[in-house]
Amino acid sequence: EAAVTQSPRNKVAVTGGKVTLSCNQTNNHNNMYWYRQDTGHGLRLIHYSYGAGSTEKGDIPDGYKASRPSQENFSLILELATPSQTSVYFCASGGDWGESEQFFGPGTRLTVL
Amino acid sequence: QQKVQQSPESLSVPEGGMASLNCTSSDRNFQYFWWYRQHSGEGPKALMSIFSDGDKKEGRFTAHLNKASLHVSLHIRDSQPSDSALYFCAASGATSSGQKLVFGQGTILKVYL
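Residues numbered from 1 in each chain as written. Chains lettered and ligands numbered in written order. Predicted model: local features only at pLDDT ≥ 70, side-chain atom pairs only at ≥ 80, totals over all residues. Heavy atoms only, no water.

A.B. asks: Explain the overall build of chain B to me, and be specific about the residues and the numbers.
C.D. replies: If you tally the helices and strands in chain B, you get 0 helices and 11 strands. The order of α-helices and β-strands along chain B, N terminus first, is β-β-β-β-β-β-β-β-β-β-β. Over its C-alpha atoms chain B spans a radius of gyration of 14 Å, differing by no more than 12% from the 13 Å that the globule rule assigns to 113 residues. The principal-axis extents of the C-alpha atoms in chain B amount to approximately 45 × 30 × 25 Å. The 113 residues of chain B split such that 46% are buried. Taking the 11 positively charged and 9 negatively charged side chains of chain B as two groups, their mean positions are separated by 5 Å. (Helix = DSSP H or I, 4+ residues; strand = E, 2+ residues; numbered from the N terminus. Rg over C-alpha atoms; globule rule 2.2 N^0.38 Å. Buried < 20%, exposed > 50% of the residue type's maximum accessible area, 1.4 Å probe, protein only. Lys, Arg positive; Asp, Glu negative; His and termini not counted. Charge placed at Lys NZ, Arg CZ, Asp CG, Glu CD.)

See the structure below:
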């Protein structure tokens, strides 16, 4: 089964600090995604990537940057964290086609104080 | 307005009962529909997909798609306590360059004894 791992699983940060969330996938998928999950909003796409070296803006990219240094790794970066970015963040990987399944990691719970 | 709307927000059914979840999209470009299930503390996991009009049955789960009305439903018969979870409807369009899923806000299902 496809495997997506995330680190850290929990993170407490201070307002204005820098936060980096990491994701690793072992299924050799070209596409990787970062979502945040908030009650009442479902999963919202922040950034995604079609392959190593590429990043694309999703639906809510403001305040976030992404980095895809390799096929396996995809990072989400909060340069200046704010309390509104307190949320649960999920990374996913998936195939190239519209009918491809996405495989999700276990999530990172981020609290910005 | 979200492109994928789910109803109800929450649902309680007795063990052995039938649970029915609904999803309506507002984008006629959507061609592929998924149901994802998320248990507490875990990442979402694909439950089933449906790409053609009509019914698709997998064990106790039946999905129904009506592309003309952009309506998708999920029916769970003989509901079990282990079915208690957050269910997401998700949709994507045709693509060969990296799938993007749009998620609904979710339906919380509780199966009680």
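A.B. asks: I'd like to hear about the sheet that holds strand β6 (residues 54-58) of chain B, residue by residue, with values.
C.D. replies: Residue and element names in this part refer to chain B. The antiparallel open sheet is built from 5 strands, whose spatial order is β1-β3-β8-β7-β6. Whereas interior strands pair on both sides, the edge strands pair on one side only; in this sheet they are β1 (4-7) and β6. When the angles between neighbouring strand axes are averaged without regard to direction, this sheet yields 15 degrees. When strand β3 (residues 19-25) meets strand β8 (residues 71-76), the two strands line up antiparallel, connected through 6 bridges. Residue Asn22 lies in a different strand from β8, and its bridge partner there is Ser73. (Pairing = 2+ DSSP bridges. Axes fitted to C-alpha atoms, helices over the stretch in contact; angles between N-to-C directions.)

A.B. asks: Can you explain the side chain of Ser92 of chain B? Please cite residues and give values.
C.D. replies: With respect to the element layout, Ser92 of chain B can be found in strand β9 (residues 85-93). The class for Ser92 of chain B is buried, based on a relative accessible area of 0%. For Ser92 of chain B, the contacting residues outside a window of four places in its chain are Gly98 of chain A together with Asn29, Phe30, Gln31, Tyr32, Gln99, Lys100 and Leu101 of chain B. (Contact = heavy atoms within 4.5 Å.)

A.B. asks: Lay out the interface of chain A and chain B in plain terms, naming residues and giving numbers.
C.D. replies: Every contact between the two is made by 26 residues of chain A and, on the other side, 26 residues of chain B. Counting the surface lost from both chain A and chain B, the interface buries some 1,900 Å², and carbon and sulfur atoms represent 52% of this. Three residues, Leu43, Gly98 and Glu99 of chain A, lead the burial of chain A against chain B; their summed loss comes to 24% of the area buried on that side. Here chain A is connected to chain B by 0 salt bridges. Within the residue set of the side of chain A that touches chain B, elements represented by two or more residues are β4 (31-38), β5 (42-49) and β10 (102-104) of chain A. Residue composition of the side of chain A that touches chain B, grouped by class: 10 nonpolar, 10 polar and 6 charged. (Buried area = accessible area lost by both parts, 1.4 Å probe. Salt bridge = Lys/Arg side-chain N within 4 Å of Asp/Glu carboxyl O. Nonpolar A, V, L, I, M, F, W, Y, C, P; charged D, E, K, R; others polar.)

A.B. asks: Requested: an account of the state of the cysteines, with residues and values cited.
C.D. replies: Evaluated as defined, the whole model comprises 2 disulfides over all chains. Across the disulfide from Cys23 of chain A sits Cys91 of chain A; the S-S distance is 1.9 Å. Negative torsions about the S-S bond denote left-handed disulfides, and the value of about -80 degrees found for Cys23 of chain A with Cys91 of chain A makes this one left-handed. In this pair, Cys23 of chain A sits in strand β3 (residues 19-25) while Cys91 of chain A sits in strand β9 (residues 87-94), placing the two residues 68 residues apart along the sequence. Two residues, Cys23 of chain B and Cys89 of chain B, share a disulfide whose sulfurs are 2.1 Å apart. Judged by the sign of its S-S torsion, about -70 degrees, the bond between Cys23 of chain B and Cys89 of chain B is left-handed. Remark: Cys89 of chain B occurs in strand β9 and Cys23 of chain B occurs in strand β3; sequence separation between them is 66 residues. Overall, Cys89 of chain B belongs to the buried group, its relative accessible area being 0%. (Disulfide = S-S within 2.5 Å.)

A.B. asks: I'd love a proper account of the environment of Arg36 of chain A, names of residues and values included.
C.D. replies: Residue and element names in this part refer to chain A. Structurally, Arg36 is set in strand β4. Its relative accessible area of 9% is what places Arg36 among the buried residues. Separated by 17 residues in sequence, Arg36 and Gly53 place their C-alpha atoms 22 Å apart. In this structure Arg36 touches Gly42, Leu43, Arg44, Ile46, Ile60, Tyr64, Ser84, Gln85, Thr86, Ser87, Val88 and Tyr89, once residues within four positions along its chain are discounted.

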